[in-house]
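This is what each chain is made of:
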Amino acid sequence: MTKVSKENLSAMEIREARMRVAYKILPVVSVVLLVLLWLFAANSGGTFPSPVEVWDRTVQLFEHPVKNRNLIIHVLASLKRVGIALAFDWTFGIAFGVMIGWFPKLRAFFSPLFDAFRAIPPLAWIPLITLWNGAGELSKIIIVIFGSLQSVVINVKAGLSTVDRMYLDVGTVFNASPAQRLFKIAIPSSLDAIFAGVRTSTSAAWMAVLAAEMLGAGDSGVGLLISRGMDSMDMPLVLTGMIAIGIVGALLAIVTQFAERLICPWTRKTR
């Protein structure tokens, strides 16, 4: 190896080391900037609560729970609704996405109906769902399903309809049956797209459940805390709910990303 190539390799290693350090520092910098912006907003003379006020309100929420439920119980209630909705999304949604992504005739029949369905915002369904089922637990779960189902279907459909033709031709050469081509070739090669739908649907479900809890009646959920704080002008309570939403949403993203890397280890290299 020549001296020039060794110098270039050393420079590349130094640059990569600097980038690794930067990637570790930048998240900390972003959090610090967010806290500074929060302090500036709290000290600007308005009604925006300070971090100390939000912390005190969070502690008070454990000492004097809302609806006899503390913050953790409200978070778990929201996660329970999301979990039930996602269980339906990941079973029916993946099956329906495979169906319209793999079979051209079914895609031609169902695609116009599905495109019309996904063009309707999830919140637009709330009046009809409330009229049919009232404002109870089932209505909230249905709203979450309507708000997150399309993410799964779209990604699975895209993955199945864009399978590399070379993979299918190899299966044909080895006399693979139609079922084998689907379950042994098409679906495994579409796992990236399927997990993209899983991640997107998880975040969409978490947002939809908050909207359902804020607009509908109920006695639990993070959305209820925000709605209660808004009605009583309790801004620290609103901020407490918002921070809980952000933390839980980040944890859900980490869990789904970990599951993807565990089942699809090749994504570690592509990222």
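Everything numeric in this text was worked out from a predicted model, so none of it was measured.

Colleague: Looking at this structure, I do not really get the overall build of the protein. What am I missing?
Modeller: For the protein, the helix and strand inventory stands at 12 helices and zero strands. Listed by position from the N terminus, the elements making up the protein come as α-α-α-α-α-α-α-α-α-α-α-α. The C-alpha radius of gyration computed for the protein amounts to 24 Å, which surpasses the reference 18 Å derived for 271 residues by more than 25%, pointing to a less compact arrangement than a globule. On the principal axes, the C-alpha backbone points of the protein span a range of 70 × 70 × 30 Å. Counting across all 271 residues of the protein, residues that qualify as buried make up 36%. Long-range contacts, defined as pairs at least 24 residues apart, comprise 69% of the intrachain contacts of the protein with a sequence gap of at least 6. Side-chain charges of the protein comprise 25 positive and 17 negative groups, with the mean position of each set lying 9 Å from the other.

Colleague: What should I look at first to understand helix α8 (residues 178-189) in this one?
Modeller: Residue pairs spaced three or four apart in an α-helix point in one direction, given the helix's 3.6 residues per turn. Along its 12 residues, α8 runs 15 Å from first to last C-alpha, staying within 8% of the 16 Å computed at 1.5 Å per residue. Within the span of α8, buried status applies to L182, I185, A186 and I187.

Colleague: Sorry, what's going on with the confidence of the model for the protein here?
Modeller: Close reading of the predicted structure is inappropriate where its pLDDT is low. With 92% of its residues at a pLDDT of 70 or more, the protein shows a mean pLDDT of 83. Considering each helix and strand of the protein separately, the mean pLDDT is smallest for helix α12 (residues 267-270), with a value of 53, and largest for helix α3 (residues 71-102), with 91.

Colleague: How should I be thinking about the packing of aromatic side chains in this particular structure?
Modeller: The geometry of an aromatic ring pair is captured by the separation of the ring centres together with the interplanar angle, meaning the angle of the planes. Under the counting rule described, the total for this entry stands at nine aromatic pairs. Consider the rings of W125 and F146, whose centres lie 4.9 Å apart with planes at 80 degrees: the pair is edge-to-face. Linking W125 in the loop between α4 (104-118) and α5 (126-133) with F146 in helix α6 (residues 137-161), this pair joins segments that are 21 residues apart in sequence. A residue is classified by how much of its surface remains accessible, and W125, at 15% relative accessible area, is buried. Pairwise contacts between aromatic rings join F88, F92, F96, F109, F110, F114, F117, W125 and F146 into one cluster.

Colleague: I keep staring at the layout of surface pockets and nothing clicks. Help me out?
Modeller: Over the atoms rolls a probe the size of a water molecule, and in doing so it shows where empty space is left. Put simply, the largest pocket is a space of about 340 Å³. Surrounding the largest pocket, 13 residues form its lining, L34, V35, W38, L239 and I243 being those nearest its centre. Elements that contribute at least two residues to the lining of the largest pocket include exactly α1 (3-42) and α11 (235-263). Partitioned by chemical class, the residues of the lining of the largest pocket number 12 nonpolar, one polar and no charged. Within this model, the second largest pocket holds a volume of roughly 160 Å³. Lining the second largest pocket are V54, W55, T58, L71, V75, T240, I243, A244, I247, V248 and L251. For the lining of the second largest pocket, the elements supplying multiple residues, two or more each, are α2 (51-63), α3 and α11.

Colleague: Looking at this structure, I do not really get the side chain of K157. What am I missing?
Modeller: Counting through the fold element by element, K157 comes out in helix α6. Although K157 lies buried, it forms no salt bridge, and the closest oppositely charged side chain, D115, sits 4.9 Å away as judged by the N-O distance. Residues in contact with K157, not counting those within four places in the same chain, are G97, I100, G101, R107 and S111.

Criteria and thresholds
Residues numbered from 1 in each chain as written. Predicted model: local features only at pLDDT ≥ 70, side-chain atom pairs only at ≥ 80, totals over all residues. Heavy atoms only, no water. Helix = DSSP H or I, 4+ residues; strand = E, 2+ residues; numbered from the N terminus. Rg over C-alpha atoms; globule rule 2.2 N^0.38 Å. Buried < 20%, exposed > 50% of the residue type's maximum accessible area, 1.4 Å probe, protein only. Contact = heavy atoms within 4.5 Å. Lys, Arg positive; Asp, Glu negative; His and termini not counted. Charge placed at Lys NZ, Arg CZ, Asp CG, Glu CD. Expected span 1.5 Å × (residues − 1). pLDDT = per-residue confidence, 0-100. Phe/Tyr/Trp six-rings, centres within 6.5 Å; stacked < 30°, edge-to-face > 60°. 1 Å grid on protein atoms, 1.4 Å probe; cavity = no way out; pocket = protein on both sides within 12 Å on 5 of 7 lines; lining within 4 Å. Points joined across faces, edges and corners; volume = space filled by probe spheres on them. Nonpolar A, V, L, I, M, F, W, Y, C, P; charged D, E, K, R; others polar. Salt bridge = Lys/Arg side-chain N within 4 Å of Asp/Glu carboxyl O.

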